Amino acid sequence: MTFSSEPVVSVKDLSIYQEDRLILDNISFEISKGEFVYLIGRTGSGKSSLLKSLYADLPFEKGSINVAGYDLTKTKRAKIPYLRRKIGIIFQDFQLLHDRNISDNLLFVMKATGWKDNAAMKARLSEVLMRVGLGAASFKLPHQLSGGEQQRIVIARALINEPLILFADEPTGNLDPEVAEEIFNLFKEINNSGTAVLMATHNYELINKFPNRILKIKDRVLLDSKDNLESNSF
Amino acid sequence: MNKPLKIKKRKKKLGSYPYLTVVFSITLSLFVIGLFALVFLHGKKLSTVIRENLELHVYLDKNLSPDMMDSLQNAISSKPFVLKKKGKAQIEYISQKEAAKRFIKETGEDFSAVLTENPLRPSLVVKISSKYFEETKMKKISGEIKSMTGVFEVDYPVNLIDTINRNIKIIALIMLSFSLILLFATYLLINNTIKLALYSQRFLIRSMQLVGAKRSFIQGPFLLHATFQGFFSGIIAAGLLFLLQQYAYREIPELSQLGETKNIAIVFGALIAAGIFIGLISSFRAVNKYLKMSLDELY
């Protein structure tokens, strides 16, 4: 494994349009390895669009994005799967497959991302399930788990290929405060072991409780808590 | 203790979708196209049979010597318009006696009782190659033969040629346009069926994309299934057509003389190939469509 000081995410002069409407105007930021960053902003401000652009699901008009060593202005469509294997994506619409149990859900992802060795797959499966604290859930169907447990499995799925960064869009959105905090703690644990996290959230309670760097989208521009030390601007 | 209720849930495997509906649609379309092809083949053969039965009657001079007769027959045989089977020119010589016998047999009237002399002429019945089945060409041929020494008159069914030619042209045109429309409709039908069937799998496709599955990994199972479905549909359609053909031959025995095994086998093979091809192309297009869609478009 090579260690370098290059950022995991580097965005320069990025502008994103939704149809003809400009939603992000000329924004730039970097996320270092192992960093924990919140992404906040009003509903519709462009948080999800920014995340989508970062995992190469939404094309952008201007600027450049580099994620996990992939320059998205140059990356060909065929190479995008390899980029996505280096990142973990967690968002509300990206649910588990409800027709198969947890173990099959995760094994399916492994097969889809090129895993071949059965023993290695099983080992990794129990590893990620243990990591999210659900070692005994492998034969349950998604609907037999609580909302919080399902979210843990979604996180386990994102961890399968040892991502450099997790992109999470409102990961605690549908959960009650207690469970939300548990999930949040899980993100912290993952982050502590070296995986960077970019989390879009509205949960200000948690942001206040666990302060970290904040990126805020306001009026199409990005404000960075690193540059704006006065907390009242956030 | 109550036994736990076992609910068997079918796993939605990647690339699996309503199998029966797709196979049924493809089979039906291929069957109709195949039926058209068979009707066309039999019709074509029928027209060739009609064309090759075109006979030119060459009435000869009564006092033709056997030598002159031979050289005349050889001269006509060497002409390119004479139908040849296994290298042999299809010319039949009918002597005066033979002509009288046939006349009496056909009409039932024995003219020898009234007339002392046989009024009929010896003749040659020349079968014409189907390539020359055209009014202008026939006129030329008949003129050419008429100018030969020893020929008294040349006769052929003038009106029949034009009528048959016209009818064959109209029928071929109608069948061709129907086939084209049918082929296009079939393509649309199969395309839509597969597209609809894949609709249920769009989120599965999406999930795979997001976890980093390669395009080929996602497409593979769909294309494989479509190939099998096309193959099975082709075989079922060919089988049904074969049964229908056998039934038709049993009911109308004359029809079997128009059937050429080699061509029919080609049609059946083409149906299977078309099934595979259309299945492949349609599912390729449908999967690609979902692969290119954004999440908003998927909803």
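Quick note: structure is the one above.
What this report covers is the structure whose coordinates are included nearby.

Conventions and cut-offs
Residues numbered from 1 in each chain as written. Chains lettered and ligands numbered in written order. Predicted model: local features only at pLDDT ≥ 70, side-chain atom pairs only at ≥ 80, totals over all residues. Heavy atoms only, no water. Helix = DSSP H or I, 4+ residues; strand = E, 2+ residues; numbered from the N terminus. Buried < 20%, exposed > 50% of the residue type's maximum accessible area, 1.4 Å probe, protein only. Contact = heavy atoms within 4.5 Å. Areas by Shrake-Rupley, 256 points an atom, 1.4 Å probe, with all protein chains shown as cover. 1 Å grid on protein atoms, 1.4 Å probe; cavity = no way out; pocket = protein on both sides within 12 Å on 5 of 7 lines; lining within 4 Å. Points joined across faces, edges and corners; volume = space filled by probe spheres on them. Nonpolar A, V, L, I, M, F, W, Y, C, P; charged D, E, K, R; others polar. Expected span 1.5 Å × (residues − 1). Patch = residues over 30% accessible without salt bridge, like charges linked within 9 Å, V, L, I, M, F, W, Y side chains within 5 Å. Salt bridge = Lys/Arg side-chain N within 4 Å of Asp/Glu carboxyl O. Lys, Arg positive; Asp, Glu negative; His and termini not counted. Charge placed at Lys NZ, Arg CZ, Asp CG, Glu CD. Pairing = 2+ DSSP bridges. Axes fitted to C-alpha atoms, helices over the stretch in contact; angles between N-to-C directions. Parallel < 35°, antiparallel > 145°, perpendicular 65-115°, else oblique. Left-handed = near helix turned anticlockwise from the far one by under 90°.

1. A look at the overall build of chain A
Point 1. Of regular secondary structure, chain A possesses seven helices and 10 strands.
Point 2. Counting the 234 residues in chain A, one finds 53% classified as buried.
Point 3. Long-range contacts, defined here as pairs at least 24 residues apart, represent 68% of the contacts in chain A between residues at least 6 apart.
Point 4. In the structure as shown, chain A presents an accessible area of about 11,500 Å², 48% of it carried by carbon and sulfur atoms.

2. Digging into empty space enclosed by the protein
Residue and element names in this part refer to chain A.
Point 1. As enumerated under the stated definition, the model contains two cavities of 30 Å³ or more in all.
Point 2. Approximately 110 Å³ is the volume found for the largest cavity.
Point 3. Counting residues per element, the lining of the largest cavity draws most heavily on strand 6 (residues 87–91), which supplies three residues.
Point 4. For the lining of the largest cavity, the per-class residue count stands at seven nonpolar, two polar and three charged.

3. Thoughts on helix 5 (residues 158–199) of chain B
Residue and element names in this part refer to chain B.
Point 1. When the terminal C-alpha atoms of helix 5 are compared, their 62 Å separation across 42 residues agrees well with the 62 Å that a helix rising 1.5 Å per residue should span.
Point 2. Those residues of helix 5 not exposed but buried are Ile 161, Ile 164, Asn 165, Met 175, Thr 186, Ile 190, Asn 191, Thr 193, Ile 194, Ala 197 and Leu 198.
Point 3. Close packing links the buried residues of helix 5 with helix 1 (19–52), helix 4 (135–146), helix 6 (202–211), helix 7 (215–251) and helix 8 (261–292).

4. Let's talk about the environment of Tyr55(A)
All names here are of chain A.
Point 1. Among the structural elements, Tyr 55 can be located in the loop between helix 1 (47–54) and strand 4 (62–67).
Point 2. By relative accessible area, Tyr 55 is classed as buried at 4%.
Point 3. C-alpha separation for the pair Tyr 55 and Arg 84, spaced 29 residues apart in sequence, amounts to 6.7 Å.

5. Description of a positive patch on the surface
Point 1. Together, Lys76(A), Lys79(A), Lys116(A) and Lys214(B) make up a region of like positive charge exposed at the surface.
Point 2. With respect to the helices, strands and loops of the structure, Lys116(A) is situated in the loop between helix 3 (102–112) and helix 4 (118–131).

6. Observations concerning unusual backbone geometry
Point 1. Positioned with a positive phi, Glu162(A) is a non-glycine residue whose angle comes to about 45°.
Point 2. Tracing the chain through its elements places Glu162(A) in the loop between helix 5 (147–159) and strand 7 (165–169).
Point 3. For Lys86(B), which is not glycine, the phi torsion reads 55° and is therefore positive.
Point 4. Inspection of the secondary structure assignment puts Lys86(B) in the loop between strand 2 (84–85) and strand 3 (88–89).
Point 5. With relative accessibility at 90%, the residue Lys86(B) sits in the exposed group.

7. Looking at the pairing of strand 4 of chain A
Two faces belong to every sheet, and in a regular strand the side chains alternate between them.
Residues and elements named next belong to chain A.
Point 1. One ladder, built from five bridges, connects strand 1 (residues 9–18) with strand 4; its direction is antiparallel. By the bridge assignment, Ser 15 is partnered in strand 4 with Lys 62.
Point 2. Bridging between strand 4 and strand 5 (residues 70–71) involves two bridges; their strand directions are antiparallel. From the neighbouring strand, Asn 66 faces strand 5, where its bridge partner is Asp 71.
Point 3. With antiparallel pairing between neighbouring strands as the criterion, strand 4 and strand 5 make up a hairpin whose turn holds two residues, including Ala 68 at a positive phi of roughly 50°.

8. Re the packing of helix 4 of chain A against helix 5 of chain A
Residue and element names in this part refer to chain A.
Point 1. At a closest axis distance of 9 Å, the pairing of helix 4 and helix 5 adopts a crossing angle of 135°. Taken as axis vectors, helix 4 and helix 5 run oblique relative to one another. Note on packing geometry: the crossing formed by helix 4 with helix 5 is right-handed. Where helix 4 abuts helix 5, its residues Arg 124, Val 128, Leu 129 and Arg 131 lie against Ile 153, Ala 156 and Leu 159.
Point 2. A breakdown of the residues in the contact of helix 4 with helix 5 according to their chemical character gives five nonpolar, no polar and two charged.

9. Some words on the pairing of strand 5 (residues 123–127) of chain B
All names here are of chain B.
Point 1. For strand 5, the buried fraction is high: four of the five residues fall into the buried class.
Point 2. In this structure, strand 1 (residues 55–60) lies alongside strand 5, joined through five bridges in antiparallel fashion. When the sheet's bridge partners are listed, His 57 is paired in strand 5 with Val 125.
Point 3. Two strands pair when backbone bridges link them, and strand 4 (residues 91–94) and strand 5 are joined in this way by four bridges, in the antiparallel orientation. If you follow Tyr 93 over to strand 5, its bridge partner there is Leu 124.

From the geometry alone we can't say anything about function, so treat these as descriptive.
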